[in-house]
Each structure stands twice: as structure tokens, then as C-alpha cells.
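Architecture and fold: a report
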Amino acid sequence: MNLRTIAFNNLRRRKSRLAFLVAGLLLGVATVVTLLSLTEALTMEAEHKLDNFGANILITPRTEELSLTYGGITLGGVSVDAHEIVQSDLERISTIRNSRNIAAVAPKVLGGVKLGEARALLMGVDPEVEFHVKRWWTVNGAPLKGEHDLVAGSAAAHRLGLSLGAPVEIGGETFTLTGILQETGSQDDELLIAALPTAQRLLNKPGQVSLVEVAALCGDCPVEDMVNQISEVLPEVKVAAIQQVVRTRMHALEQFRAFSLGVAGVVVLVGALVVFVTMMGAVNERTREIGIFRALGFRRGHVIRLIMMEASWVSLLAGVLGYFGGMGATRLILPLLAEEHPHLVWNPLLAVGAIALALVVGMAASYYPALHASRLDPTEALRAL
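The structure contained in this document is the topic of the report that follows. The model shown is predicted, which means the values in this text are computed figures rather than measured ones.

In this model, N204 sits at a positive phi of 60 degrees, which is unusual for a non-glycine residue. Mapped onto the secondary structure, N204 falls in the loop between α5 (196–202) and β12 (208–209). The exposed category is assigned to N204, whose relative accessible area is 65%.

As C-alpha cells, then:
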């Protein structure tokens with residue numbers, strides 16, 4: 001009979017203690033796996049959403065501003081040599097080195113139009129891109145489909161007296177108001193939105209756009225590099241990163257990860273404490289058994305190896321079960337937290353990490369009880385007999 005057989009028989013004989021030890025470690029490992037896998041899945045979803053909620057790079061015409069001041073009085077500014085952006089030039093954006101990080105390119109043309117005696121700001125957009133990027137837009141009615149469809153902001157519709165389905169006369173052409181944007185609290189409420197080619201025709205700006213919003217993917221998000229690359233292929237325009245959006249999104253994701261790791265650490269410590277207390281109780285209960293082993297010639301190292309072998313088997317079992325239990329819990333919880341497209345990632349590195357974590361925590365928590373068991377006096381067993 002060797003140490004491996006003794007350890008296995010002891011675990012098999014004391015099934016209730018085995019179940020308690022496995023449950024303590026399993027709960028900790030499963031919690032860590034659940035939190036980390038949820039964090040990964042929700043981070044992917046958050047990145048996907050953030051990539052589609054607005055732009056983080058803005059392309060505008062390069063202008064020279066001449067400030068008019070005299071005697072401390074500001075008379076305003078004048079834009080010198082301002083030109084619209086040529087729409088065909090935007091194809092160069094797809095040639096930059098980090099083009100794979102571009103989620104969407106949304107060109108716009110802006111200009112004032114007259115509706116009877118009133119004036120309004122008309123914005124021409126690519127409907128498929130614009131309404132996909134700005135998912136916070138909620139349209140009462142239908143978005144743009146045909147070239148004579150029109151969508152109005154809530155404030156513009158109220159000010160101009162427009163209603164769904166009503167004809168709208170702009171520049172000698174008749175449009176149908178197919179949708180009204182719900183109030184956003186931004187300048188979008190004052191817009192009239194039409195298809196890009198139609199707006200370019202009405203504003204007499206064929207093949208030109210006033211500004212371009214670029215949504216960059218957030219996974220590795222080299223926004224500053226992308227700004228420089230776009231500036232190189234489009235030297236005649238001004239390219240700027242909206243730093244606040246980028247920094248806010250990355251900070252939110254980092255905070256979420258830090259919170260998950262903190263909770264996971266607390267749960268692991270509780271699991272280690274459960275293992276420590278249980279193993280100490282087991283050692284105290286096995287005082288006579290360990291004393292007999294010492295009396296039969298087992299050395300202190302043998303006793304430590306015996307206890308640690310039992311702890312390693314328990315930890316290994318808890319790590320495997322904890323990984324699958326945590327992934328199962330993630331599968332149940334994820335649809336409740338993710339609003340759309342929940343994607344469960346079976347990461348093999350997480351499985352290896354879960355088993356390694358269980359082994360490290362279980363064996364570390366069992367080391368002192370094993371050391372305590374090795375110090376028991378063999379005469380204790382002889383007196384008990």
C-alpha cells in the first residue's frame with residue numbers, strides 16, 4: 001500500500017467531507033469563471049454597441065478662421081478658403097493600414113432650405129449607414145427609403161407644422177414625410193433628413209459632403225493612429241478624434257473588468273478559507289490515524305505528501321467541475337444581461353486557468369494543515385490504542 005492508495009481510500013471513505021471540500025472550491029472557481037466569462041461576453045457586446053453608437057473620428061473641411069477684433073471688441077470670425085469635401089475622395093479611407101478597424105463611414109451634406117416662409121436645416125445622409133450608426137434614433141413612422149422620402153426632427157416638425165404622410169415642398173420638389181424622430185435633446189431635433197443624393201441636388205452640392213463621421217472598432221482601437229493615417233490619405237481635410245468618447249468607453253470597460261476581478265478575488269478567498277477550515281478539522285479528526293502512520297515509520301514528509309495529495313485531487317475535481325459549472329451559469333445568465341446577440345465564448349485558456357486556480361488555492365489552503373499533521377507526536381496514537 002502506497003501513499004496514493006491511502007489518499008484515494010481516505011477520500012472514498014469520507015465522501016461527505018470530500019463533497020464539502022469540492023463544493024467549497026467549486027463555488028469559488030465557478031464564480032470566477034462565471035464573472036470572467038460574463039465580463040468577456042459583455043465586453044464584446046459593449047464594444048459592438050459602442051462601435052455602433054456614434055462616431056469617434058470626425059472629418060471636416062479644412063478652413064482658416066480669421067478672427068475680427070478691434071479695441072477689445074470681437075466682431076466675429078470669417079472662414080477663409082472653406083471648401084466642401086469631395087465625396088469620391090472618401091474611398092481612400094478604405095486604403096489605410098487600420099481599415100479593418102473601421103465600422104462605418106457616414107458622410108453628410110448640410111445646408112439651409114426654405115419651406116414657404118420658414119427656413120430649416122437639411123441634412124443628407126446615407127440611410128443604411130446613418131440609421132445603423134445612430135441606433136438611439138427612434139423614428140415614429142418609417143425611415144428613409146426612397147429619394148423623395150423625408151424624416152424630420154421633433155422640434156423641426158413641431159415648428160414647421162409637419163405631420164406624418166403630409167407632402168412637403170422643398171426647392172420645387174414634393175417630398176413625403178415618412179417619419180418623425182423622437183426627441184433626442186440634441187441638434188438632431190431641428191433637422192430635416194433626406195437621402196444624400198437628393199440633398200446634394202437640392203443644395204446644389206453635387207458630389208460634395210459637409211462632414212464625415214467615422215466609427216472605429218473598439219477592440220484595440222488605435223484611434224490616434226487612424227487619425228494620422230486618414231490625414232495622410234486625405235491631406236486636404238481636417239481629421240480629429242473625439243477623445244471623450246474613446247476614453248469614456250475604454251474607462252467603462254476597464255471599470256467593469258476591475259469590479260469582476262475584485263468580486264472574484266473575494267470569492268476565491270472565501271473558498272480558500274473553507275478548504276483551510278475543513279482540512280484543519282480533518283487533520284484533528286485523524287490524529288490517531290496519522291499517529292499510527294508515524295509509529296509505523298512514516299516520516300513527516302510522507303504525512304505532508306499524503307495530505308497534499310488528497311488536496312490536489314479534490315482541487316483538480318473542483319477545478320474541472322467549477323469550469324463547466326461556471327460556463328453553464330454564464331449560459332443561463334448571459335441572455336438576461338445581454339440585450340442582443342449574446343455570444344458565449346468557450347476559452348480554453350480560461351479552463352486551464354480555472355483548474356490551475358483550484359490547484360493553487362486548494363493546495364495553498366491545505367499546506368498548513370498538512371504541516372500541522374506532520375508535527376503530531378506518534379505516541380498519541382499509541383496512547384489511544
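This paragraph deals with the environment of G116. Topologically, G116 is positioned in the loop between β5 (102–115) and β6 (118–125). Since its relative accessible area comes to 58%, G116 is described here as exposed.

Glancing now at a nonpolar patch on the surface. A surface patch of nonpolar side chains, about 380 Å² in accessible area, is lined by L273, F276, V277 and Y368. Within the secondary structure, F276 is located in helix α7 (residues 243–285). Residue classification places F276 among the partly exposed positions, given a relative accessible area of 31%.

Moving on to the nonpolar core. Most often, soluble globular proteins have nonpolar side chains that are buried together. Of all hydrophobic cores here, the largest spans 40 residues; its most connected members are I57, I59, L122, L150, I170 and L192. Setting aside residues up to four positions removed in sequence, L122 forms contacts with V109, L110, G111, V113, L150, L192, A194, A199, L202 and L203. Judged by nonpolar contacts, the second largest core, of 19 residues, contains V32, V268, A272 and A365.

The relation between two aromatic rings is expressed through the spacing of the ring centres and the mutual angle of the planes. Across all of its chains, the model carries 3 aromatic pairs by this definition. Look at F131 and W137: their rings are 5.4 Å apart centre to centre, the planes differ by 70 degrees, and that puts the pair in the edge-to-face class. Under the relative-accessibility criterion, F131 is labelled buried at 17%. Taking the relative accessible area as the measure of exposure, W137 reaches 7% and is therefore buried. Residues Y323 and W346 carry aromatic rings whose centres are separated by 6.2 Å and whose planes lie at 75 degrees to one another, so their mutual orientation is edge-to-face. Placement of Y323 in helix α9 (residues 300–337) and of W346 in the loop between α9 and α10 (348–374) is noted, with a sequence separation of 23 residues between them. Taken together through their ring pairs, the aromatic side chains of Y323, F324 and W346 make up a single cluster.

Parameters and conventions
- Residues numbered from 1 in each chain as written.
- Predicted model: local features only at pLDDT ≥ 70, side-chain atom pairs only at ≥ 80, totals over all residues.
- Heavy atoms only, no water.
- Helix = DSSP H or I, 4+ residues; strand = E, 2+ residues; numbered from the N terminus.
- Buried < 20%, exposed > 50% of the residue type's maximum accessible area, 1.4 Å probe, protein only.
- Patch = residues over 30% accessible without salt bridge, like charges linked within 9 Å, V, L, I, M, F, W, Y side chains within 5 Å.
- Areas by Shrake-Rupley, 256 points an atom, 1.4 Å probe, with all protein chains shown as cover.
- Salt bridge = Lys/Arg side-chain N within 4 Å of Asp/Glu carboxyl O.
- Core = buried A, V, L, I, M, F, W, Y, C linked by side-chain atoms within 4.5 Å.
- Contact = heavy atoms within 4.5 Å.
- Phe/Tyr/Trp six-rings, centres within 6.5 Å; stacked < 30°, edge-to-face > 60°.

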